[in-house]
Every structure is written in C-alpha cells, then in structure tokens.
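# What the coordinates show
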Amino acid sequence: MTRTLADYSAAVQEAVARTREVVATLHAELPRWELIVWTAGNVSQRVVVSPDGVPSADDLLVIKPSGVTYDELTPESMVVCDLDGTLVDGTRSPSSDTAAHAYVYTHLPHVGGVVHTHSTYATAWAARAEPVPCVLTMMADEFGGDIPIGPFALIGDDSIGRGIVETLRDSRSPAVLMRNHGPFTIGKDAKAAVKAAVMVEEVARTVHISRQLGEPHRIPQADVDSLYARYQNVYGQGTAAPATTPKEQDA
Ligand SMILES: O=C(CO)[C@@H](O)[C@@H](O)COP(=O)(O)O
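Residues numbered from 1 in each chain as written. Predicted model: local features only at pLDDT ≥ 70, side-chain atom pairs only at ≥ 80, totals over all residues. Heavy atoms only, no water.

### Digging into the site of the ligand
- Around the ligand, a shell composed of 14 residues is seen, among which K64, S66, S95, S96 and D97 lie nearest.
- Contacts to the ligand include T39, whose backbone N or O atom sits 3.5 Å from an oxygen atom.
- In the model, an oxygen atom of the ligand is placed 3.0 Å from a nitrogen or oxygen of the N42 side chain.
- In the complex, the protein chains occlude 88% of the 380 Å² of accessible area that the ligand would expose alone.
- Broken down by class, the residue content of the shell around the ligand amounts to 2 nonpolar, 10 polar and 2 charged. (Near = heavy atom within 4 Å. Polar contact = N/O pair within 3.5 Å; in protein donor to acceptor, adjacent residues only side chain to side chain. Areas by Shrake-Rupley, 256 points an atom, 1.4 Å probe, with all protein chains shown as cover. Nonpolar A, V, L, I, M, F, W, Y, C, P; charged D, E, K, R; others polar.)

This is the structure we're talking about:
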C-alpha cells in the first residue's frame, strides 16, 4: 500500500520538514566544493520513523529530485521516499540513485546520510579501479586506511547500493569509489557524508599529484590506527574541558 506523509505521525512530518531544509542546504555544498557539474550528484538523509529513535527498514529518506539543476533545489523540491524507493511525498521523480541510497539505509542502520558525486580526481581513481593508498595523515584521520574500490554496477536498481554495502560494511572508510562511476560516501548524517565527499576528492587529488613525482610512502598500520583513533575521538572541540586562559590561571 502506498503511504503518503499524512499517514505518518506529526513528529515524523516535522522531522521530514527539518530534513528537507538540511538536505537542500547540503546540496549547495557539492557545487561549492566543485564536486559535481550540472545535475550530477545527490545527497540524502534518513528520517527515523520509530518513536524510540531506532533506525529501521520502515524509515524514510529525503533526496533531491532527478535531473534538477542545483540552483533550482529548495526544501520544498526535495523528495521523500520509503526504503523501498516508493515516493511518499514530492511533486517530482526522485533521484536516479534513490534505490542505492535506500539499500544503504536498509542494510547499514548506523548510516544517516549518503552522498554521491562525480568529483574529478576521485572519479579518475574509480576509472582505474585502484584504491587510493593511505599515504597521508588526513587519510588515516578520515578514512582509517585506503579508500576502497566498489564493483561496477549499472544504475537504476539496488546493484550500486549492494556494492556500496558489500565494500563498506567491514571498512572504516566512509567512502567507496564505485568502479567506472565515482565516489559514494556515508556518514552518521548527511553533513558527515558531505564532509567525506569533500575529503575524498582532496586526498585523491593530492595522492595523484604526489605519484607524478614518485611513489608515495605508506603510513605504517599502527600509526594509521593511532591517527584514526585520535581524529575520530579527540580532534576538534571534543568533550574535554576548555583550556584555561593565562588570566584564569592567575586568578
Ligand atoms: O551518476 C548518476 C547516477 O548514478 C547521475 O545520474 C547522478 O549523479 C545524478 O542523478 P540524479 O539527478 O540524482 O537522478
């Protein structure tokens, strides 16, 4: 039975409205960071339906409409689908990657956001089906190792999603380079997945340039693990008490 947004609770409808705003705003980051051209790429975020906040196959996703240019994307133009890819709310056809995003949300409950781009350097690595080797501390921080290659898969059914899940399920990487296609990234939410999309292009470019000058040196695995643990758990404005200023120390 096809459900409409009216069939969901007021709380879910409010969450969908908030998610439309988030996903519309984050789409603007793809051209901003030069990760796509024209209408390529897409961003989605999961909407958890259960009142207990536990992700499930009953959840919804919010994604862009297919083939619409980024300057036309608004919260109202975003499309809402269930995880079968069935339209729940929206006036336009959902992204052609909806099945892939939905498959990821169904099989990786910890994932709250998915992004797909065709960013130049990451896609060039995908065309050669070669994993990006972990030769930068930034890679250890964000990806916890090499950036893996996923299988070639045709567009339109869950083949791409299946390839993303098979590749990332047991990987620390939030990015996979789908062979001959381009990067797909995941995160706890859409913002985290967009960050991974920005970072995968940055490191793909740097490693490519480095290899023009010689063979980059791999970081030893123990150091990769240490860097990853620090970045994922300590970096930034973690939970530690703010450092006192000299004035406070004198007080
Ligand atoms: O690569 C693909 C499909 O996988 C592109 O068509 C995709 O980047 C953009 O498609 P949509 O406009 O989201 O339907």
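### Here's the deal with the nonpolar core
- The biggest cluster of nonpolar side chains holds 28 residues, and the ones touching the most others in it are V16, L30, V43, V47, L60 and V115.
- Among the elements that take part in this core, helix α1 (residues 10–27) stands out by supplying 6 residues, more than any other.
- When neighbours within four sequence positions are excluded, V16 is seen to be in contact with L5, V47, L60 and V80.
- Ranked by size, the runner-up nonpolar core spans 22 residues in total, among them I63, V79, A153 and I160. (Core = buried A, V, L, I, M, F, W, Y, C linked by side-chain atoms within 4.5 Å. Buried < 20%, exposed > 50% of the residue type's maximum accessible area, 1.4 Å probe, protein only. Helix = DSSP H or I, 4+ residues; strand = E, 2+ residues; numbered from the N terminus. Contact = heavy atoms within 4.5 Å.)

### Topic: the side chain of K64
- If you trace the backbone, K64 turns up in the loop between β2 (60–63) and β3 (79–82).
- Reaching out from K64, the side chain makes a polar contact with the backbone oxygen of T39 at a distance of 2.9 Å.
- Here G41 takes part through its backbone oxygen, which lies 2.9 Å from a polar atom of the side chain of K64.
- Beyond its immediate stretch of four places on either side in the chain, K64 contacts H27, T39, G41, N42, V43, Y70, L73, M78, V79, P94 and S95.

### Here's the deal with the packing of aromatic side chains
- Taken as a whole and assessed by the stated rule, the structure comprises 1 aromatic pair.
- Between the aromatic rings of Y231 and Y235, the centroid separation amounts to 4.6 Å while the plane-to-plane angle is 20 degrees, which identifies the pairing as stacked.
- Its end group placed over the ring of W125, R128 keeps NZ or CZ at 4.6 Å from the ring centre.
- One residue, R172, lies across the ring of Y228, its end atom 4.5 Å from the ring centre. (Phe/Tyr/Trp six-rings, centres within 6.5 Å; stacked < 30°, edge-to-face > 60°. Lys NZ or Arg CZ within 6 Å of the ring centre and 35° of its normal.)

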